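If you want the building blocks of each chain, they are given just below.
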Amino acid sequence: MQAIVSAHSRPAAATSSPIEGLPDELLSTVLIWHAFAHSPLYVDHHSKRPRRRYPFRWIYVLRVCRHWLQVALATPTLWHTIDVVKPKFSKWLNRVLSLIPQTVPLDILIASSDLTARVLPSITPRSAFIRSLHLPDDIPIALLKLDMPSLIELQAVDAEVSSMETPPSRKLAFLPQRFPSLRAIRMSRLMFTDIAIFKQLQVLYLRFCALGKKGPSTFDSLLDLLDECSQLEELRLYRILSKYLDNAPNVSPPTTRRPSRLKKLVLHDHPPHIAVFLSIYSFPETTTIRLSVWAHPSPQVDIVALFESLLPGDRTGLPILKAVNSASIKNFFTGTKLVGRVTQPDPSSSDRACPRITLKLPERLFPVNKVSGRLHHCTKAFARIFATAPLTTIDVMAHFWTMPRADWVELFTAFPDVRELRSNGAGAPTSLFHSLGRKPKYAQGQAPEDPPLAVLPKLETIELLNVDLEEGLLDAVASGLSNREDKQAPRLKYVGMLFGGLDMDPDDFEDEMEDVIADIKDLVDSFEYFFDD
């Protein structure tokens, strides 16, 4: 940075080069692309917004000449984001801020608490032009005394506060007159002494927070407060409902509330409290809903009941469940998730933009050493929860490939309209293919008048990624498809498989499996297989 400052007094390079003839607008674009190339994108964990890591790693190029420096200083895009991730960054922050124009909007991220005190004196003179401010965990009181008319987003979430409840660390008041443009608050371990600011927010994220004496004192008054936040588009509450419902088991008969603008709801709490909250609201099917459990481990866990207890009994407030047409079962080391998506009719829209409902149970709730039982119960929960959904696509993580044939048959019986089956992960889905030629297995009294002779009677496509080519897998594919043909089930249009970890040469594989591959191609319109390099 010292070299950049001294560049003001250093004459421009005497030698001429073609780049010196670039118009300032084009040179500015070149510098922006160079900066982006040296600042990789990442997604902020809490705001889910893309940010650039180490945004000033590119800055050495400004030593070329004074003209380059002047063009860079006149390009606000280069200076919007300031990430203070190391102590040495705080040392040259003053120098950076002294060079760029006073009116440049700033997005500031401070990585650790010890850096906040160092950076505060540098950013205070620019407080009127700070657009977003991300702090590690705590908000200095001095910051709330500043007028910040441009501030849109304020975040102070302690990443360490995740599973253990921690009392609020301090009391703070956000005065609307100091933050007239504030639209997003993400806070943890904070007691709000004034909640008037909530009414102007579009995003409210509260993690182990308290709402103080001026805040709601009962569950009904909490609901009234949320109703007054008419601009809310995203609401995230972590262990907030329990503060009101733990000591109030008998909630007054609810009146249905309909948030008009809410696009995303995230609740992390005890299952019964989540269910109470959902029974009071009627969310449109375009609202993305994410529900996760706060509960202590138990030696005897009924996974089906635990998943279902997240939802109100009649589920009338969740029309999204009747609009989901694509759903997945995901099992990770951190827990198990059931995810339903409402696929958008616009093919150009991304999957991330689709409204969805997610139910998550953390790993610590499951009985140890009972993986097969867990998978069995998760598929049962999946079938019950999405029973009324018009599913056309099912995506299953490869952990479930070890399930026995009977479990696959039971799962597929529940969703006769599925047209596409997808999966991803290491393993061999032998039992899955064997199940495709089996008859549906209905509960007593639930069989339709004219039951299909094979599960998934409308199935058209199967796509499997990272499949282990174990002995008998392709034979299972051929057997399952042959049995479907014998039962006069419609012919599949496409089966695609990506093999990973192949121990033999692909040509040798094709020679060895020539006959069974030919059999599969005779049973499906198109059969493709690929090898992961």
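Residues numbered from 1 in each chain as written. Predicted model: local features only at pLDDT ≥ 70, side-chain atom pairs only at ≥ 80, totals over all residues. Heavy atoms only, no water.

## Structural notes on the overall build of the protein chain
Part 1 of the reasoning: If you tally the helices and strands in the protein chain, you get 16 helices and 21 strands.
Part 2 of the reasoning: For the protein chain, the proportion of its 533 residues judged to be buried stands at 48%.
Part 3 of the reasoning: When contacts within the protein chain are restricted to residue pairs at least 6 apart in sequence, long-range pairs at least 24 apart make up 69% of them. (Helix = DSSP H or I, 4+ residues; strand = E, 2+ residues; numbered from the N terminus. Buried < 20%, exposed > 50% of the residue type's maximum accessible area, 1.4 Å probe, protein only. Contact = heavy atoms within 4.5 Å.)

## A few points about unusual backbone geometry
Part 1 of the reasoning: For L456, which is not a glycine, the phi torsion comes out positive at approximately 50°.
Part 2 of the reasoning: Backbone geometry places N466, a non-glycine residue, at a positive phi of 60°.
Part 3 of the reasoning: Tracing the backbone through its elements, the reader meets N466 in strand β19 (residues 461-467).
Part 4 of the reasoning: Looking at N466, the relative accessible area reads 28%, which means it is partly exposed.

## Some points on the confidence of the model for the protein chain
Part 1 of the reasoning: Residue-level pLDDT values for the protein chain average 82, and 83% of them are 70 or greater.
Part 2 of the reasoning: When mean pLDDT is compared element by element in the protein chain, strand β11 (residues 234-238) scores highest at 95, while helix α1 (residues 2-6) scores lowest at 46.
Part 3 of the reasoning: Segment residues 1-15 is flagged for pLDDT under 50; beyond a separation of four residues in sequence, or across chains, it makes 27 contacts in the model. (pLDDT = per-residue confidence, 0-100.)

## Observations regarding the packing of aromatic side chains
Remark: the centre distance and the inter-plane angle together describe each pair of aromatic rings, the angle taken between the planes.
Part 1 of the reasoning: Summed over all chains, the structure comprises 14 aromatic pairs.
Part 2 of the reasoning: With 6.1 Å between their ring centres and 65° between their planes, F208 and W294 make a pair best called edge-to-face. One end of the pair, F208, is in the loop between β10 (203-207) and α7 (219-228); the other, W294, is in the loop between β13 (288-293) and α10 (303-308), and 86 residues separate them in sequence.
Part 3 of the reasoning: Positioned above the aromatic ring of Y238, the side-chain terminus of R207 is 4.5 Å from the ring centre. (Phe/Tyr/Trp six-rings, centres within 6.5 Å; stacked < 30°, edge-to-face > 60°. Lys NZ or Arg CZ within 6 Å of the ring centre and 35° of its normal.)

## Quick word on the packing of α7 against helix α9 (residues 271-280)
Part 1 of the reasoning: Where α7 meets α9, the closest approach of the two axes is 12 Å, and the angle between their N-to-C directions is 50°. Taken together, α7 and α9 sit at an angle that is classed as oblique. Considering how the two elements wind past one another, α7 and α9 form a crossing that is right-handed. Where α7 abuts α9, its residues F219, L223 and L226 lie against V276, F277 and I280. (Axes fitted to C-alpha atoms, helices over the stretch in contact; angles between N-to-C directions. Parallel < 35°, antiparallel > 145°, perpendicular 65-115°, else oblique. Left-handed = near helix turned anticlockwise from the far one by under 90°.)

## Brief notes about the pattern of salt bridges
Part 1 of the reasoning: Counting across every chain of the model gives 18 salt bridges.
Part 2 of the reasoning: A salt bridge links D227 to R257, with the shortest nitrogen-to-oxygen separation between them at 2.3 Å. In this pair, D227 is assigned in helix α7 and R257 in the loop between α8 (241-245) and β12 (264-269), connecting sequence segments 30 residues apart.
Part 3 of the reasoning: For the salt bridge of R419 with E460, the shortest nitrogen-to-oxygen distance reads 3.2 Å. Here R419, found in the loop between α12 (405-413) and β18 (420-424), pairs with E460, found in the loop between α13 (430-435) and β19; they are 41 residues apart in sequence, far enough to count as distant.
Part 4 of the reasoning: R419 sits in the partly exposed class, given a relative accessible area of 36%. (Salt bridge = Lys/Arg side-chain N within 4 Å of Asp/Glu carboxyl O.)

## Digging into the environment of A128
Part 1 of the reasoning: Relative to the assigned elements, A128 resides in the loop between α5 (113-123) and β5 (130-135).
Part 2 of the reasoning: In this structure A128 comes out as partly exposed when scored by relative accessible area, which is 28%.
Part 3 of the reasoning: In this structure the C-alpha to C-alpha distance between A128 and F179, which are 51 residues apart in sequence, comes to 9.9 Å.
Part 4 of the reasoning: Excluding residues that lie within four positions of it along the chain, A128 makes contacts with D147, P149 and S150.

## Brief notes about the packing of helix α2 (residues 24-37) against helix α3 (residues 66-73)
Part 1 of the reasoning: Two numbers describe how α2 lies on α3: the axes approach to 10 Å, and their chain directions differ by 80°. Comparing the axis directions of α2 and α3 gives the class roughly perpendicular. Contact residues: D24, L27, S28 and L31 in α2; H67, W68, V71 and A72 in α3.
Part 2 of the reasoning: Looking at the contact of α2 with α3, its residues break down into 5 nonpolar, 2 polar and 1 charged. (Nonpolar A, V, L, I, M, F, W, Y, C, P; charged D, E, K, R; others polar.)

## As for α5
One turn of an α-helix holds 3.6 residues; hence residues three or four places apart share an orientation.
Part 1 of the reasoning: Along α5, the residues that are buried comprise L115, T116, V119, L120, S122 and I123. Projected down its long axis, α5 carries its buried residues within an arc of 160°, all on one side. Among the exposed residues of α5, those pointing more than 90 degrees away from its buried face are A117 and P121. (Arc of directions from axis to C-beta.)

## Thoughts on the environment of L62
Part 1 of the reasoning: Considering the arrangement of structural elements, one finds L62 in the loop between β2 (50-52) and α3.
Part 2 of the reasoning: Between the C-alpha atom of L62 and that of L31, which follows or precedes it by 31 residues, the distance is 9.3 Å.

## Observations concerning the side chain of T75
Part 1 of the reasoning: Within the secondary structure, T75 is located in the loop between α3 and β3 (81-84).
Part 2 of the reasoning: Ignoring sequence-local partners within four residues, the contact set of T75 consists of S28 and I32.

## Let's talk about the nonpolar core
Part 1 of the reasoning: Membership of the largest hydrophobic core comes to 154 residues, with the highest contact counts inside it found for W79, F174, F192, F198, F277 and F386.
Part 2 of the reasoning: When residues no more than four places from it in sequence are discounted, the contact partners of F198 are F192, L204, L206, L211, L225 and C229. (Core = buried A, V, L, I, M, F, W, Y, C linked by side-chain atoms within 4.5 Å.)

## Quick word on the environment of K199
Part 1 of the reasoning: By secondary structure assignment, the location of K199 is in the loop between β9 (190-194) and β10.
Part 2 of the reasoning: In this structure the C-alpha to C-alpha distance between K199 and L226, which are 27 residues apart in sequence, comes to 8.4 Å.
Part 3 of the reasoning: A polar side-chain atom of K199 sits 3.3 Å from a polar atom in the side chain of E228. (Polar contact = N/O pair within 3.5 Å; in protein donor to acceptor, adjacent residues only side chain to side chain.)

## Overview of the side chain of S431
Part 1 of the reasoning: As for its position among the elements, S431 is in helix α13.
Part 2 of the reasoning: Polar contacts involving the side chain of S431 include one to the side chain of W408, which spans 3.2 Å.
Part 3 of the reasoning: With residues up to four places along the chain from it excluded, the contact list for S431 reads W401, M403, P404, R405 and W408.

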